[in-house]
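Below are the chains, spelled out letter by letter.
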Amino acid sequence: MASPQRAATILPPLLLLLSVCARGGGDLRRVVEVPGEPGSVVWAVQLSDLHLSAFHPERAADFRRHVGDALAMVNPALVLITGDLTDAKSKDLLLSRQEESEWIEYAGVMDDVANRSGLNKEIFYDLRGNHDSYGVPEVGGMFDFYKKHSINARLGRTGAVQSITLQNNGRKHLFVGFDSAMGAGLRSPTNIFGQPTDQLLSDLDAALSQWDNQSSSSPITKIAFGHFPISFSASTTSGRNIRDVFLKHSLSTYLCGHLHTNFGRNLKRHHTSEQHQFSSKQYFQFDVHEVMSTAVSNGNCSARTESVAEFWEWEMGDWRSARSMRILAIDSGHVSYADMDFRFGSRDVIIVPTFPVDSRFMQRSSDPFDFICQETSTTHLGTVRALVFSRYKIESVTVKVYESHYGSFHSVLEQEMERTSGKGARGAMYTFTWNWRDFLDDSPDRYWHQIEAVDMSGEVYLSELRPFSVNGLSAKVSWTWKEFRVMGCQWNQLYYPIMWTTLTFLFSLVLVPRTSLTFFKNQLMLKFLRPKMTRSSGGFSPVNFEFFAAELSKMYIIWSGMLLYLLYLVFFAWFSGYAVMENHNKMYLHYKGWSTKYLANTSKRPYIGFPDVMVIVLPHLLFVVLPAFLVIAAIAAVRVLCLGHDISQMAKKDDDHHKKTWYTNYVGVLHWFRKILILLCLPIVWKHWKVCFPFNFNSYTCNFKLYVAC
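Everything numeric in this text was worked out from a predicted model, so none of it was measured.

## Quick word on the environment of L267
Line of reasoning, step 1. Within the secondary structure, L267 is located in the loop between strand 8 (253-256) and strand 9 (268-272).
Line of reasoning, step 2. Note on L267: relative accessible area 0%, which makes it buried.
Line of reasoning, step 3. Each C-alpha atom, one on L267 and one on M316, is 7.5 Å from the other, the two residues being 49 residues apart in sequence.

This is how it looks when you write it as structure tokens:
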């Protein structure tokens, strides 16, 4: 029998374990001690968008070849795989469905990588992405292979929220992952948004709060990881969103994937709770950084000064095309990362600078407050630090600091660093004690630093050149148009404004001419018989909009078809097709989403897939319906010009020869212009086919709409 003292020692941890296990759903809140040197530093590896495919075996082969050895060299405390584990796409990329052979290959690849790296498979966490849910009618069903072959599933982690806390040198590092992929997984392309539920957000909030009420005063760094960026995450049915949960807890960062490198590598975003003076914040953000104004700028160091609720969002590149792997390091609460590229082979040396951090993407709003108000406790300012992982012996590591001046760099410091972690350490940490006050400056990107490592063969390796700010200031970074389009726009908020604006314009194009003809018929007829003319080069042409209005309205069959089609788009289904699996009934796509009467557990929701359907609705409106209506309006305008010209010729008394020559040239131009308008219908027809094809569309429905539109 155990002694009372031993029972008292064992009981609290046992109660904690029982409490976290009793939450059910596989949401096991693990606590892992990370022993050994370097102290107060932990690091993890992130991989995303593997897209292992039966048609692209090189993706799995490269993963086996490079990742296992890289993980063995880096020795991370965690390995996070943030979605799209398999591709679930046909060879031509037009159809999407789950293939169990791809999942079997994924499971085998991960087993090989774990064995080759020597890491415990329990530190691997893999999440679902949208590709992993393509065509899956229900979670846990016969087509949900993630629940059978993923690492999480095989280790019994069945909950949608998973958390693990790494403890090292008195600090806690909380990692919380969540699965916000669709419960009823639509097929491509209407499955690009994360669809969190109210229950998921409540569980996520609880997981991020697990240490908030602890009596321990040890610092806590909170990091979340998932598949979908904030800009591609929908709100719940009650209007809640993931961003507000993250702001509540002031995460250090949210790690995600999904966008690959197709739109650029600057896919980062800083979120704060501070309100802009414009209400457009809910729709888009123009710059990587939010506009921040804190009490620090006024020199207010009161203990009651509220910190800004904030977090960084870092999207990473994909394995599918870019062969990317990210190493995330947390050094005394400072979070930084370095991305590796395996497209050109394995890496013999990997350098991760941990302090100072990059002033573009890694500074926080609280950093200036820490510098100004807590300078005496900021001992981390005194050293430059970097992790260096290598297959071979490292002979020397050097820090280089440059001063930037009008785009050129001038060296101001070059000193060799000292290894502070001994043998048997988790990794090699190199440090250099510097006089950080020499680099105080109001510019966040005046000084840049780089780490150089030389191995035993004399090979030189360099880290990325990064700006830093000892003052804690953030450098401004702007997106390119492609980057802004996917990170700066909150598409779930923009969908309805874009759609209703386009429909309003189309209705106006149809109804305004008819209304003008109805209420101003006498005036229009008078102007039609005696048109107002204006001199143009070589002759006369009518310029009155009333001519166009009258002529479009008199094309009664076409005008009626345009109006009926717009009404159809508002009140009826746009397309029909196999939205889930081929052996399910066809579903109908409305602008509100897909009808759901054929799917389980969706009886209370008439539509699913909002705002995902925007990838069909908006292209159809903007690139099919709108161009078709404009072409019809242009043809009506050409007809007005021809008719107006004929009337003007009847009224003219000019020389017959001059009239004949001018008339022939004028009609010839209009004839070619009409041909061009007809040719413009071809890309409209092609775009319509592209919109319909992915759903194995109902040919009668689409052909009818194509006839009306084009």
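## Considering the sheet that holds strand 8
Line of reasoning, step 1. One open sheet accounts for seven strands, arranged 1-5-6-7-8-10-9; its pairing is mixed. Only two strands of the sheet have a single neighbouring strand rather than two, namely strand 1 (29-33) and strand 9. Neighbouring strand axes in the sheet, compared pairwise and without regard to direction, differ in orientation by 20° on average.
Line of reasoning, step 2. By the bridge criterion, six bridges tie strand 6 (residues 171-178) to strand 7 (residues 220-225) in an arrangement that is parallel. Across the sheet, V176 pairs through a bridge with A224, a residue of strand 7.
Line of reasoning, step 3. Lying over the sheet, helix 6 (residues 198-208) contacts strand 1, strand 5 (161-168), strand 6 and strand 7, oriented at roughly 170° with respect to strand 6.
Line of reasoning, step 4. The sheet strands contacting helix 7 (residues 242-249) are strand 6, strand 7, strand 8, strand 9 and strand 10 (310-315), and the helix crosses strand 10 at an angle near 125°.

## Some remarks on the confidence of the model for the chain
Line of reasoning, step 1. Looking at the chain, the pLDDT average stands at 81 and 75% of residues meet or exceed 70.
Line of reasoning, step 2. The secondary structure element of the chain with the lowest average pLDDT is helix 1 (residues 4-21), at 37, and the one with the highest is strand 3 (residues 78-82), at 98.
Line of reasoning, step 3. Segment residues 697-710 is flagged for pLDDT under 50; beyond a separation of four residues in sequence, or across chains, it makes 31 contacts in the model.

## Observations regarding the pairing of strand 2 (residues 41-47)
Line of reasoning, step 1. Burial analysis of strand 2 places seven of its seven residues in the buried class, which makes it a mostly covered element.
Line of reasoning, step 2. Alternating residues of strand 2 divide into V41, W43, V45 and L47 and V42, A44 and Q46, and every residue in both groups is buried.
Line of reasoning, step 3. Sheet topology places strand 2 next to strand 3; four bridges connect them, and they run parallel. Across the sheet, the residue bridging to A44 is L78, located in strand 3.
Line of reasoning, step 4. Considered for its hand, the β-α-β crossover made up of strand 2, helix 2 (residues 57-74) and strand 3 is right-handed.

## Things to note about the pairing of strand 3
Line of reasoning, step 1. In terms of burial, strand 3 is a largely internal element, five of the five residues being buried.
Line of reasoning, step 2. Burial of strand 3 is two-sided: the residues L78, L80 and T82 facing one way and the residues V79 and I81 facing the other way are all buried.
Line of reasoning, step 3. As judged from the four bridges shared by strand 3 and strand 4 (residues 124-127), these two strands associate in the parallel manner. Bridge assignment links L80 to a residue of strand 4, and that residue is Y125.
Line of reasoning, step 4. Crossover connection from strand 3 via helix 3 (residues 100-117) to parallel strand 4: handedness right-handed.

## Focus: a nonpolar patch on the surface
Line of reasoning, step 1. A grouping of L564, L567, F571 and F572 is seen on the molecular surface, where their side chains present a nonpolar patch of about 440 Å² in accessible area.
Line of reasoning, step 2. Here F571 shows up in helix 13 (residues 556-571).

## A short note on helix 6
Line of reasoning, step 1. All of the buried residues along helix 6 are L200, L201, L204, D205, A207 and L208. The arc that holds the buried residues of helix 6, viewed along the axis, is 165°, so those residues lie on one side.
Line of reasoning, step 2. Of the surrounding secondary structure, the elements contacted by the buried residues of helix 6 are strand 1, strand 5, strand 6, strand 7 and helix 7.

## Here we look at the environment of F575
Line of reasoning, step 1. Within the element layout of this structure, F575 appears in strand 24 (residues 575-577).
Line of reasoning, step 2. Sequence spacing of F575 and M587 is twelve residues, and the spatial spacing of their C-alpha atoms is 8.5 Å.

## Quick word on helix 2
Every α-helix winds through 3.6 residues per turn, so residues three or four apart in the chain are directed the same way.
Line of reasoning, step 1. Here helix 2 spans 26 Å end to end across 18 residues, near enough to the 26 Å set by a 1.5 Å rise per residue.
Line of reasoning, step 2. Maximum bend of helix 2: about 30°, positioned at R64.
Line of reasoning, step 3. Taken as a whole, helix 2 has its buried residues at R59, A60, D62, F63, H66, V67, G68, A70, L71, M73 and V74.
Line of reasoning, step 4. Directly after helix 2, the chain includes N75, whose backbone phi takes a positive value near 55°.

## Some thoughts on the packing of aromatic side chains
Line of reasoning, step 1. A complete count under the given rule lists 27 aromatic pairs for this structure.
Line of reasoning, step 2. On the numbers, 5.5 Å between centres and 55° between planes, the contact of W43 with F389 is tilted. Taken as a pair, W43 in strand 2 and F389 in strand 14 (residues 383-390) lie far apart in primary sequence, 346 residues in all.
Line of reasoning, step 3. In this structure W43 comes out as buried when scored by relative accessible area, which is 2%.
Line of reasoning, step 4. Geometrically, the ring pair formed by F439 and F468 is edge-to-face, given 6.1 Å between the ring centres and 65° between the ring planes. Separated by 29 residues along the polypeptide, F439 in the loop between strand 18 (428-433) and strand 19 (447-455) and F468 in strand 21 (residues 466-468) bring together distant segments of the chain. This pair shows no difference in class: F439 is buried, exactly as F468 is.
Line of reasoning, step 5. Aromatic rings pair up to connect Y495, Y496, W500, Y591 and F610 into one cluster.

## Here we look at the packing of helix 6 against helix 7
Line of reasoning, step 1. For the pair helix 6 and helix 7, interaxial distance at closest approach is 10 Å and the crossing angle is 15°. What the angle tells us is that helix 6 and helix 7 run roughly parallel. For helix 6 against helix 7, the interelement crossing comes out right-handed. Residues L201, L204, D205 and L208 of helix 6 lie in contact with helix 7, whose contacting residues are I242, V245, F246, K248 and H249.
Line of reasoning, step 2. Of the residues assigned to the contact of helix 6 with helix 7, the class counts are six nonpolar, one polar and two charged.

## Regarding unusual backbone geometry
Line of reasoning, step 1. Each neighbour pair has its own omega, and for S188 with P189 the value is 5°, a cis peptide bond.
Line of reasoning, step 2. Within the secondary structure layout, P189 lies in the loop between strand 6 and helix 6.
Line of reasoning, step 3. Here the amide bond leading from F355 into P356 is cis, since omega sits at 0°, within 30 degrees of zero.
Line of reasoning, step 4. Positionally, P356 belongs in the loop between strand 13 (349-355) and helix 8 (367-373).
Line of reasoning, step 5. A positive phi angle, close to 45°, is found at S250, a residue other than glycine.
Line of reasoning, step 6. With respect to the helices, strands and loops of the structure, S250 is situated in the loop between helix 7 and strand 8.
Line of reasoning, step 7. S250 gets classed as partly exposed once you look at its relative accessible area, which sits at 25%.
Line of reasoning, step 8. A positive phi angle, close to 55°, is found at S332, a residue other than glycine.
Line of reasoning, step 9. You can see S332 is positioned in the loop between strand 11 (324-331) and strand 12 (334-341).

Conventions and cut-offs
- Per chain, residues are indexed from 1 in the order of the written sequence.
- Per-residue local features are limited, in this predicted model, to residues with pLDDT of at least 70; the limit for side-chain atom pairs, both in listing and counting, is 80 or more; totals at the level of whole chains, interfaces and linings are taken over all residues.
- Side-chain metrics in this entry use all non-hydrogen atoms of the structure; hydrogen atoms and water are not considered.
- Every helix listed is a DSSP run of H or I at least four residues long, and every strand listed is a run of E at least two residues long, numbered separately from the N terminus.
- Only protein chains enter the calculation, and the probe is 1.4 Å; a residue is then buried if its accessible area is under 20% of its type maximum, exposed if over 50%, and partly exposed in between.
- Each pair of strands is called paired provided DSSP finds at least two bridges between the two strands.
- Helix axes are fitted only over the stretch in contact, all axes being lines through C-alpha atoms; the angle between N-to-C directions runs from 0 to 180 degrees.
- Here, two residues are considered to be in contact whenever any of their heavy atoms come within 4.5 Å of each other.
- What pLDDT reports is the predictor's confidence in each residue, on a scale of 0 through 100.
- Call a crossover right-handed when, viewed with both strands pointing away from you, the route from the first strand across the helix to the second goes clockwise.
- Patch building starts from residues that exceed 30% relative accessible area and form no salt bridge, then joins like charges within 9 Å and nonpolar side chains (Val, Leu, Ile, Met, Phe, Trp, Tyr) within 5 Å.
- Accessibility throughout is a Shrake-Rupley quantity obtained with a 1.4 Å probe, and a residue counts as covered only by protein chains that appear here.
- Any Lys or Arg side-chain nitrogen found within 4 Å of a carboxyl oxygen on Asp or Glu counts as a salt bridge.
- The directions considered for the arc are those from the helix axis to the C-beta atoms.
- To estimate the expected span of a helix, subtract one from its residue number and multiply by 1.5 Å.
- We define the bend at any residue as the angle between the axes fitted to the seven residues before and including it, ending there, and the seven starting there.
- Paired rings are identified among Phe, Tyr and Trp, the last through its six-membered ring, by centres lying within 6.5 Å, and are further divided according to the angle between planes into stacked (under 30 degrees), edge-to-face (over 60) and tilted (the rest).
- An angle below 35 degrees is treated as roughly parallel, one above 145 as roughly antiparallel, one from 65 to 115 as roughly perpendicular, and anything else as oblique.
- A clockwise turn of the near helix away from the far one marks a right-handed crossing, whereas an anticlockwise turn of less than a right angle marks a left-handed crossing.
- Three classes are used: nonpolar for Ala, Val, Leu, Ile, Met, Phe, Trp, Tyr, Cys and Pro, charged for Asp, Glu, Lys and Arg, and polar for all others, with Gly counted as polar.

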